[in-house]
Amino acid sequence: MEKEEFSGVDKIDNKVPNDLEAIYDIPVTVSAVLGRTTMPINQLLRLGRGAVVELDRKIGDSIDILVNNRLIARGEVVMVDETRLGVTMTEIIKSEK
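Here goes a summary of the coordinates provided.

**Quick word on the pattern of salt bridges**
The full count for this structure, using the stated rule, is three salt bridges. The residue Arg-74 makes a salt bridge to Asp-64 at a minimum N-O spacing of 3.1 Å. Taken together, the positions of Arg-74 in strand E4 (residues 70-79) and Asp-64 in strand E3 (residues 63-67) put the pair 10 residues apart, joining distant regions of the chain. Taking relative accessible area as the criterion, Asp-64 reaches 10% and is therefore assigned buried. Among the charged side chains, a salt-bridge network with shared partners connects Arg-57, Asp-64 and Arg-74.

**Looking at the pairing of E3**
Of all five residues making up E3, four are buried, and the element is well covered by its neighbours. Bridge count between strand E2 (residues 30-33) and E3: four bridges; the pairing is antiparallel. In the strand pairing of E3, Val-30 is matched with Val-67. In this sheet, E4 lies alongside E3 in antiparallel orientation, the contact comprising five bridges. Considered in E4, the bridge of Leu-66 is made with Leu-71. Where E3 hands over to E4, the hairpin turn is made up of two residues, of which Asn-68 adopts a positive phi near 50 degrees.

**Some remarks on the environment of Glu-91**
Along the chain, the position of Glu-91 falls in strand E5 (residues 85-94). Separated by 26 residues in sequence, Glu-91 and Ile-65 have C-alpha atoms that sit 9.7 Å apart.

**Notes on a nonpolar patch on the surface**
Nonpolar side chains collect at one region of the surface, where Leu-34, Leu-44, Leu-47, Val-53, Leu-55, Val-77, Met-79 and Leu-85 lie side by side and expose about 730 Å² of accessible area between them. The topology assignment puts Val-77 in strand E4. The exposure class assigned to Val-77 is partly exposed, which follows from its relative accessible area of 43%.

**Observations concerning the side chain of Asp-64**
A distance of 2.7 Å separates the side chain of Asp-64 from the side chain of Arg-57, its partner in a polar contact. Of note is the side chain of Asp-64, whose polar atom sits 3.1 Å from the side chain of Arg-74. Contact partners of Asp-64, with chain neighbours within four places excluded, come to Ser-31, Ala-32, Val-33, Arg-57, Leu-71, Ala-73 and Arg-74.

**Describing unusual backbone geometry**
Of note, the phi angle at Asn-68 is positive, near 50 degrees, even though the residue is not glycine. Within the secondary structure layout, Asn-68 lies in the loop between E3 and E4. Phi is positive for Asn-69, which is not a glycine, with a value near 65 degrees. Positionally, Asn-69 belongs in the loop between E3 and E4. A residue is classified by how much of its surface remains accessible, and Asn-69, at 70% relative accessible area, is exposed.

Rules and cut-offs
Residues numbered from 1 in each chain as written. Predicted model: local features only at pLDDT ≥ 70, side-chain atom pairs only at ≥ 80, totals over all residues. Heavy atoms only, no water. Salt bridge = Lys/Arg side-chain N within 4 Å of Asp/Glu carboxyl O. Helix = DSSP H or I, 4+ residues; strand = E, 2+ residues; numbered from the N terminus. Buried < 20%, exposed > 50% of the residue type's maximum accessible area, 1.4 Å probe, protein only. Pairing = 2+ DSSP bridges. Patch = residues over 30% accessible without salt bridge, like charges linked within 9 Å, V, L, I, M, F, W, Y side chains within 5 Å. Areas by Shrake-Rupley, 256 points an atom, 1.4 Å probe, with all protein chains shown as cover. Polar contact = N/O pair within 3.5 Å; in protein donor to acceptor, adjacent residues only side chain to side chain. Contact = heavy atoms within 4.5 Å.

Right, dumping it as structure tokens:
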């Protein structure tokens with residue numbers, strides 16, 4: 001996959017092309033993946049409240065941003081306010097198609 005630094009949405013004269021307006025209301029699922037791990041079911045069933053699950057990422061590593069389970073970008077976790085987290089996109093991933 002080719003990587004491209006994120007520079008925002010390209011707009012011409014701040015107008016949206018008419019051919020894109022048709023897709024603006026289509027819902028998609030956006031996921032921010034902090035990391036992954038694999039474990040046997042018996043270990044999963046023994047997890048209780050307060051259990052720590054070790055992931056395949058380190059503190060400071062970028063997170064994956066998926067749309068409909070397809071990797072589209074990488075980013076960083078940010079604080080929105082005292083109770084909410086957000087994600088800042090730092091890199092757009094171009095698919096090879």
